[in-house]
Amino acid sequence: MQFRTVHVEASRSYDILIGRGILAGLGGFIRPLLGNCRLAVITDSNVDALYGNAIMEHLSAAGYKACKYVIPAGEASKCADNLLAFLNFMAGEQLTRSDAVIAFGGGVVGDLGGLSASLYLRGVKYVQVPTTLLAAVDSSVGGKTAIDIPAGKNLVGSFYQPSLVCCDTALMDTLPKDIYRDGCAEVIKYGMILDAELYKTLHTLPFDREEVVARCVEIKRDVVQQDEFDNGIRGLLNFGHTFGHAIEKLSNFAVSHGEAVAKGMVIAARIAPLCGLCDVADELSALLAQYGFDITCPYSANEVYDALLTDKKRRGGKISVVLPRSVGDCTLVTLPVEEVGVLLSKVIV
Ligand SMILES: NC(=O)c1ccc[n+]([C@@H]2O[C@H](COP(=O)([O-])OP(=O)(O)OC[C@H]3O[C@@H](n4cnc5c(N)ncnc54)[C@H](O)[C@@H]3O)[C@@H](O)[C@H]2O)c1
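Residues numbered from 1 in each chain as written. Predicted model: local features only at pLDDT ≥ 70, side-chain atom pairs only at ≥ 80, totals over all residues.

Chemist: Residue-level account of helix α9 (residues 241-250), with values.
Modeler: The element α9 is extensively covered by neighbouring structure, given that eight of its 10 residues are classed as buried. Listed in full, the buried residues belonging to α9 are His241, Thr242, Phe243, Gly244, His245, Ala246, Ile247 and Glu248. Against the buried residues of α9 lie α10 (257-271), α12 (301-308) and β10 (318-326). Count one or two residues on from α9 and you reach Asn252, which has phi positive near 55 degrees. (Buried ≥ 20, exposed ≤ 12 C-beta atoms within 10 Å, placed from the backbone. Helix = DSSP H or I, 4+ residues; strand = E, 2+ residues; numbered from the N terminus. Contact = placed C-beta atoms within 7 Å.)

Here you go:
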């Protein structure tokens, strides 16, 4: 079985394994880390229908006793009701401190599974097995876990690093095109913020999935190692997200996350030259168009500004935005919110 390994040094250190077909080896990978424990696999209805039997069989063949908990697919499942229900399920299964959670799915399952693991018996170990491109390059790495509450997305969560990330890139073969593309927006983001070489390779489609996932994960690893708890440089990963979240929210989440991030990255790139930085907006727009993203902003500058005012990353009267200095090099700039409003009115017309 061939795979690449990316090692993360954080409050808990762990490996990220990336390769085609490596789900079959999951039991063997976790044994040195978890020993002979019991496992609670949390997954969603789509992933369960496609791969639920396979993961349970692989774990059983490796000698593991595992139980499975399935949530309905979709963001609405990342909620307090499901968190409690899964905690109750684990308690009903009499899982102990030495047992572990396997989060098998996209970012929704990863975030909910990770938060559950951080809370159950004050913390049990967990393993991320991402099945979407977004989860592979982003949410499964770095230890942020969360659920949504009525007041907003991701408002309740913890920093809780997994013991292992096992990324079988073959699982992504069954992703609907739009979901795969959402992940591509994050991949392009990594190229823009920190890796011009990666950015260049993304012009040739289809890209080498294993290589690109590994590179993105290395970039995220490097950032997380410097700022695990998101007090500084980790903010770079928000390139396109500050404006993207505003657009997502305005659309009542009808605009997908990836599409919103694509629009947000273009807005940020258009703002950059107005702040004395370089202009890569046309270049970035062309690459995003190659992936089929609609990069127009369907809202007025005022609407985006109003949505920004409720951003949880806003501190007092200031907001941090990530702006490109060049392809492969972005910087965090903290600006008074009113100034961001003026800049938006110049780039969204
Ligand atoms: N923790 C973090 O650092 C972090 C970072 C970014 C995003 N997130 C969170 O991640 C979530 C979005 O993640 P996502 O885009 O993976 O969404 P998701 O988990 O909802 O998955 C998207 C869809 O793809 C389906 N799916 C998953 N794997 C599949 C497969 N292999 N084949 C076919 N269908 C499959 C799912 O059932 C779902 O319908 C959001 O809740 C976001 O807040 C977290």
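Anyway, onward from the coordinates.
Chemist: Hey, could you go over the sheet that holds strand β3 (residues 38-44) for me, with residue numbers and the actual values?
Modeler: To summarise the sheet geometry, strands pair through backbone hydrogen bonds and adopt either a parallel or an antiparallel arrangement. Read from one edge to the other, the open sheet built from seven strands follows the order β1-β2-β9-β6-β5-β3-β4, with strand pairing classed as mixed. Each edge of the sheet is formed by a strand with only one pairing partner; in this case those strands are β1 (4-8) and β4 (65-71). The mean inter-strand angle of the sheet, taken between neighbouring strand axes irrespective of direction, is 20 degrees. Across two bridges, strand β6 (residues 125-130) lies against strand β9 (residues 164-168) in parallel orientation. Residue Gln128 lies in a different strand from β9, and its bridge partner there is Val165. Contacting β2 (14-19), β5 (100-105), β6 and β9, helix α1 (residues 26-34) runs over the sheet at an angle of about 175 degrees to β9. Across the sheet, helix α2 (residues 45-61) lies against β3, β4 and β5, angled at about 160 degrees from β3, the strand it touches most. (Pairing = 2+ DSSP bridges. Axes fitted to C-alpha atoms, helices over the stretch in contact; angles between N-to-C directions.)

Chemist: A description of unusual backbone geometry should follow, citing residues and the corresponding values.
Modeler: Excluding glycine, most residues fall at negative phi; most peptide bonds, likewise, are trans. The residue after Leu205, namely Pro206, is reached through a cis peptide bond having omega -5 degrees. Along the chain, the position of Pro206 falls in the loop between α7 (196-201) and α8 (209-226). Here the phi dihedral of Gln94 falls at roughly 55 degrees; this positive angle occurs in a residue that is not glycine. By the secondary structure assignment, Gln94 is in the loop between α3 (80-92) and β5. Of note in the backbone geometry, Asp230 takes a positive phi value of approximately 60 degrees without being a glycine. Within the element layout of this structure, Asp230 appears in the loop between α8 and α9.

Chemist: So, the pairing of β3: which residues are in play, and what are the values?
Modeler: Within β3, six of the seven residues are buried, leaving the element largely enclosed by the surrounding structure. Across seven bridges, β3 lies against β4 in parallel orientation. Considered in β4, the bridge of Thr43 is made with Val70. Remark: the β3/α2/β4 crossover connection has right-handed handedness. Alignment of β3 against β5, held across five bridges, turns out to be parallel. Pairing of Ile42 across the sheet is with Ala103, part of β5. (Right-handed = clockwise from strand over helix to strand, strands pointing away.)

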